[in-house]
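Fold and geometry: a report
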Protein chains: 2
Amino acid sequence: MAEAAEAHEGHAARRGRDARRAARAQRSGVAVPFITRNLPLTEVLSEEAMQIIEHNAETLLEEIGIEFRDYPRALELLRGAGADVRGERVRFPRGLARRLISTVPSQYTQVARNPERSVQIGGKATVFAPNYGSPFVHDLDKGRRYGTIEDFRNFVKLAYMTPYVHHSGGTVCEPVDLPVNKRHLEMVYAHMRLSDKPFMGSVTHPDRALDTVKMAEILFGTDFIQQNTVCTSLINANSPMVWDNTMLGAADVYAQNNQACIITPFILSGAMSPVTVAGTLTQVLAEVLAGVSFLQLVRPGAPAIFGTFVSTLSMQSGAPTFGTPEAALCIYGAAQLARRMKMPFRTGGSLCASKIPDAQAAYESAHTLLPTIHAGANFVLHAAGWMEGGLSASYEKFIMDFDQLGAMHVLAKGVDMSENGQAMEAFHQVEPGGHFLGCAHTQANFETAFYRSSVADNNSVEQWEAEGKQDAPQRANRIWKKMLAEYEAPAIDPGVDEALRDFIERKKASMPDAMY
Amino acid sequence: MAEAAEAHEGHAARRGRDARRAARAQRSGVAVPFITRNLPLTEVLSEEAMQIIEHNAETLLEEIGIEFRDYPRALELLRGAGADVRGERVRFPRGLARRLISTVPSQYTQVARNPERSVQIGGKATVFAPNYGSPFVHDLDKGRRYGTIEDFRNFVKLAYMTPYVHHSGGTVCEPVDLPVNKRHLEMVYAHMRLSDKPFMGSVTHPDRALDTVKMAEILFGTDFIQQNTVCTSLINANSPMVWDNTMLGAADVYAQNNQACIITPFILSGAMSPVTVAGTLTQVLAEVLAGVSFLQLVRPGAPAIFGTFVSTLSMQSGAPTFGTPEAALCIYGAAQLARRMKMPFRTGGSLCASKIPDAQAAYESAHTLLPTIHAGANFVLHAAGWMEGGLSASYEKFIMDFDQLGAMHVLAKGVDMSENGQAMEAFHQVEPGGHFLGCAHTQANFETAFYRSSVADNNSVEQWEAEGKQDAPQRANRIWKKMLAEYEAPAIDPGVDEALRDFIERKKASMPDAMY
């Protein structure tokens with residue numbers, strides 16, 4: 001019908017077609033730097049429930065306390081602030097931690113080297129970052145294997161190319177082929193050189209955090225990073241109720257340098273926290289309050305995110321489970337607690353336990369991602385690629401998850417109630433029993449109507465069979481290969497690049513390889 | 001740790017173990033008759049947006065009108081009530097439809113032959129019913145093929161056996177091996193005989209609706225069904241803005257006999273409605289208002305559900321698409337409109353376009369099901385088994401979806417804020433850095449903590465490989481075969497069964513086979 005109309009309309013129609021093509025190209029080429037949500041929040045805790053959980057978290061901090069291990073500086077700072085420190089056990093008088101964290105900014109901007117990619121962290125903003133920390137990678141061709149720096153670079157390239165991931169992330173996979181003590185240099189460099197999106201820094205040793213800061217100084221300028229946040233890094237608790245020296249040392253470096261930390265209880269409920277949602281949320285709040293208190297003592301006003309990684313445990317086997325309803329309730333509840341603390345919030349992602357990108361992987365990922373959006377998470381790590389409980393980063397799942405993230409961009413916009421959105425003119429164009437596809441209102445909205453999946457096959461079964469009966473991962477396999485083949489690195493000042501490489505080579509030469 | 005403790009505790013431990021086994025058996029055997037939601041609703045429309053949509057729907061009904069085709073009785077009833085009827089076009093003066101639908105009960109009980117299976121439709125209740133209307137079926141062994149009465153019976157058996165589906169549904173697949181004009185008899189009988197859950201009636205001809213009513217009279221007693229609703233049937237609009245005689249005729253029969261109808265605009269947005277969410281919701285409301293007005297004129301107070309089947313269209317190919325963000329927004333918005341009309345609400349399910357039970361099927365299904373729950377849908381058709389845009393009912397997807405529905409039972413309960421839920425005693429049992437798995441609080445909650453998936457594989461990759469590297473559909477394949485092998489029909493009064501069979505055989509003998 002559209003084609004017939006075009007045949008009659010001649011030049012005007014061709015102009016329309018060209019305009020549509022241009023719009024399509026633009027739409028696929030230009031990313032929003034982050035999602036600005038226009039969707040009411042889903043909340044599972046009443047005000048009374050939140051009061052109870054906060055009261056219980058304060059009780060936990062006051063009566064049982066939390067340990068800051070092998071990091072005397074934290075003990076000194078906390079004692080100085082009024083905490084009761086005995087050995088490494090720190091007890092917070094009721095209200096102290098809440099007072100200490102009051103200096104955390106409720107939102108901050110993480111500046112990217114391409115300023116158009118800078119992201120807001122907090123408020124109505126949602127930022128997607130890829131998978132983090134997997135020692136293995138997986139694809140349909142070569143199966144499961146240890147990750148390498150080549151895999152790492154590939155994932156950075158893919159995250160750079162998709163418009164639906166806003167942040168380059170951190171350890172997108174472990175490059176196991178590099179010595180542990182030098183790995184971080186090539187990882188941080190890959191983010192800086194192969195992408196122009198914001199990135200995360202190394203946290204496996206305070207020295208490596210400092211290397212990240214120094215490389216950021218080269219990229220952005222020394223003065224610039226003291227005034228601006230250019231790095232957001234992941235600081236995990238040793239749940240239950242322990243902060244250790246590696247993480248505290250890295251957080252210390254970042255806070256001193258005005259760089260952001262995601263203070264994250266890492267919890268498999270039933271093992272590292274009680275088996276209940278309310279009990280787990282209580283512990284999450286207590287651990288965040290303690291960790292962020294330390295951070296604000298290092299540098300009041302240092303940017304920080306209220307982090308929560310919570311999933312559940314199989315009570316039969318002790319195996320971690322993902323996409324479970326209890327995990328979803330924790331996501332919703334923790335988001336409410338973060339807002340109560342007036343902090344940006346990190347949780348969720350596209351988590352699953354499946355070993356392959358099958359229906360289990362997709363069900364579990366969707367049952368994590370949708371709550372993440374509805375909860376109003378601000379920073380979403382593991383938004384794409386996560387498989388096998390995080391042990392594996394999947395090339396195909398990267399692509400399938402990108403597609404889901406694209407859909408979330410549309411969902412988060414909410415309902416368009418403009419005159420065009422109300423579409424009353426369409427009803428005057430189409431009689432009862434008629435068809436809207438050809439009407440002027442539909443044609444005018446053709447380019448932007450409905451999210452277009454890059455992975456889904458919506459064809460008839462006959463077409464699908466004729467095209468080889470491919471499943472979703474097989475289609476995703478073609479897509480990532482095409483993307484990598486078409487990748488072009490963003491431009492960088494050659495002097496800056498040289499200075500970065502020089503820093504890295506000098507650093508590498510200064511120490512022997514080490515596998516820890 | 002648990003085993004070591006048991007070894008010390010001897011008899012007490014064994015008693016505990018036996019109790020746990022009993023609890024496990026009970027938990028898997030006993031279903032709740034329906035979900036009672038304890039979760040705040042997710043709403044995407046502001047009060048102002050709802051006012052605009054309602055105003056626009058009234059404008060649509062007043063200015064453009066809706067057609068009631070080939071059913072003069074509807075035109076008479078509506079003219080008598082004050083509508084402006086010209087030909088088959090019916091225009092409603094502003095406010096008329098809203099007034100006419102005010103007699104719809106805000107909730108009703110559909111009685112099952114096993115009274116423990118009776119369901120509440122409306123309020124905080126959510127009822128899951130299986131797939132409806134697929135001409136094809138699909139399984140891993142035999143692939144895609146036309147559905148038969150054997151497939152139909154298998155799906156009824158599976159829905160009967162799972163604790164997570166509350167309603168036996170209707171045309172769970174099309175039994176294409178039976179003559180069209182006799183099919184409904186065996187379908188209704190299968191629901192009555194092979195299950196004791198509530199069911200749906202035939203709507204393909206008023207006579208077939210009447211047969212359903214007569215069979216219900218045999219099963220429940222003639223007087224009983226005039227006082228009670230024992231059947232809920234699906235009445236679809238011919239969107240846009242047409243109600244036709246087949247559906248109206250069936251609805252007429254059911255309403256006259258106090259049986260419930262789901263008045264459902266069936267919309268692929270972009271073809272049967274405008275390409276926008278607000279425009280589609282406007283049309284949904286207008287079509288429901290008109291259809292339910294007719295129903296209430298047939299019998300004021302006849303039970304009715306505000307139905308909405310909405311998905312989107314690929315603007316490239318014209319193919320239906322499912323699990324899209326726009327469809328989710330329609331689900332949320334329509335639920336709000338139904339509550340505004342004080343009617344029970346039907347929408348959603350586990351919809352997908354994929355031809356196979358792969359990751360696409362799962363992503364799309366989850367992105368339909370979770371919004372369905374968060375929106376507060378009361379009756380969920382297609383909750384399990386739907387594949388290929390409804391063309392195919394999948395055995396494996398039935399099982400995978402059952403599992404998702406089980407998870408929704410837990411999610412819908414919300415957060416347990418009881419003293420046990422708060423779990424403060426657990427924190428007194430486990431030191432910082434300790435492990436909660438062995439603590440008394442965890443042991444006491446062991447049986448009920450965390451939803452247990454029947455399909456997910458959470459084992460290590462090594463175990464999973466040793467067990468044959470099965471994907472989720474392969475595991476589901478084993479499960480449905482085991483279920484069917486173990487199926488036992490619920491008991492029925494032999495006299496009633498004989499009367500049903502007698503009715504069916506006489507009815508069949510009274511007419512020649514027909515394929516329409």
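Keep in mind the model is a prediction, meaning the values are calculated, not measured.

1. Considerations on the overall build of chain A
Helix and strand counts for chain A stand at 20 helices and 20 strands. The C-alpha atoms of chain A give a radius of gyration of 24 Å, which matches the 24 Å a tight globule of 516 residues would have. For the C-alpha atoms alone, the extent of chain A along its principal axes is close to 85 × 60 × 50 Å. A burial count over chain A gives 64% of its 516 residues as buried. A separation of at least 24 residues holds for 77% of the contacts in chain A among residues at least 6 apart in sequence. For chain A, the separation between the mean place of its 49 positive charges and that of its 57 negative charges on side chains is 2 Å.

2. Observations concerning the sheet that holds strand S19 (residues 386-387) of chain A
Residues and elements named next belong to chain A. Taken together, four strands build an open sheet; the order of strands is S9-S8-S20-S19 and the sheet is mixed. Edge positions in the sheet fall to strand S9 (143-146) and S19, since each has one partner strand and no second. With two bridges connecting them, S19 and strand S20 (residues 392-394) associate as antiparallel partners. Paired with Met-387 across the strands is Ser-392, a residue of S20. Relative to the sheet, helix H14 (residues 395-413) contacts strand S8 (136-139), S9, S19 and S20, its axis offset from that of S20 by approximately 60°.

3. Considerations on the pattern of salt bridges
If you walk through the whole model with that rule in mind, you get 54 salt bridges over all chains. We note a salt bridge from Glu43(B) to Arg339(B), for which the minimum N-O separation is 2.8 Å. Highlighted residues: Glu43(B) in the loop between strand S1 (35-36) and helix H3 (47-64) and Arg339(B) in helix H12 (residues 325-340), separated in sequence by 296 residues. Residue classification places Glu43(B) among the partly exposed residues on the basis of a relative accessible area of 31%. Residue class for Arg339(B) comes out partly exposed when judged on its relative accessible area of 29%. Taken together, the shared-partner salt bridges in this structure form one network comprising Arg153(A), Glu186(A), Arg501(A), Glu505(A) and Lys508(A).

4. Considerations on the nonpolar core
Of all hydrophobic cores here, the largest spans 341 residues; its most connected members are Phe68(A), Phe306(A), Phe68(B) and Phe306(B). Residues in contact with Phe306(B), not counting those within four places in the same chain, are Ile263(B), Val284(B), Leu285(B), Val288(B), Ala334(B), Leu337(B), Ala338(B), Met341(B), Met343(B), Pro344(B), Phe345(B) and Arg346(B).

5. Topic: the relation of the copies chain B and chain A
Of the two same-sequence chains, chain B is brought onto chain A (RMSD 0.0 Å, axial shift 0.0 Å) by a rotation of 180°. The transformation just described matches what one would write down for a two-fold rotation axis. Scanning chain B for the C-alpha nearest the rotation axis identifies Ala359(B), at a separation of 2.1 Å. In this assembly, 99% of the residues forming the interface of chain B have copies in chain A that are likewise at the interface, indicating an isologous arrangement.

6. Let's talk about helix H7 (residues 180-194) of chain A
Relative to the 21 Å expected for 15 residues at 1.5 Å per residue, H7(A) spans 21 Å between its end C-alpha atoms, a close match to the ideal helical length. Burial analysis of H7(A) places 15 of its 15 residues in the buried class, the great majority of the element.

7. A closer look at the environment of Arg145(A)
Residues and elements named next belong to chain A. Of note, Arg-145 is situated in strand S9. Spatially, the C-alpha atom of Arg-145 lies 8.6 Å from that of Ser-392, the residues being 247 residues apart in sequence. When residues no more than four places from it in sequence are discounted, the contact partners of Arg-145 are Pro-135, Phe-136, Val-137, Asp-139, Asp-151 and Tyr-395. In terms of polar contacts, Arg-145 uses its side chain to reach the backbone carbonyl oxygen of Gly-143, at 3.4 Å.

Calculation rules
- Residues numbered from 1 in each chain as written.
- Chains lettered and ligands numbered in written order.
- Predicted model: local features only at pLDDT ≥ 70, side-chain atom pairs only at ≥ 80, totals over all residues.
- Heavy atoms only, no water.
- Helix = DSSP H or I, 4+ residues; strand = E, 2+ residues; numbered from the N terminus.
- Rg over C-alpha atoms; globule rule 2.2 N^0.38 Å.
- Buried < 20%, exposed > 50% of the residue type's maximum accessible area, 1.4 Å probe, protein only.
- Contact = heavy atoms within 4.5 Å.
- Lys, Arg positive; Asp, Glu negative; His and termini not counted.
- Charge placed at Lys NZ, Arg CZ, Asp CG, Glu CD.
- Pairing = 2+ DSSP bridges.
- Axes fitted to C-alpha atoms, helices over the stretch in contact; angles between N-to-C directions.
- Salt bridge = Lys/Arg side-chain N within 4 Å of Asp/Glu carboxyl O.
- Core = buried A, V, L, I, M, F, W, Y, C linked by side-chain atoms within 4.5 Å.
- Least-squares fit on C-alpha atoms with pLDDT ≥ 70 in both.
- Expected span 1.5 Å × (residues − 1).
- Polar contact = N/O pair within 3.5 Å; in protein donor to acceptor, adjacent residues only side chain to side chain.

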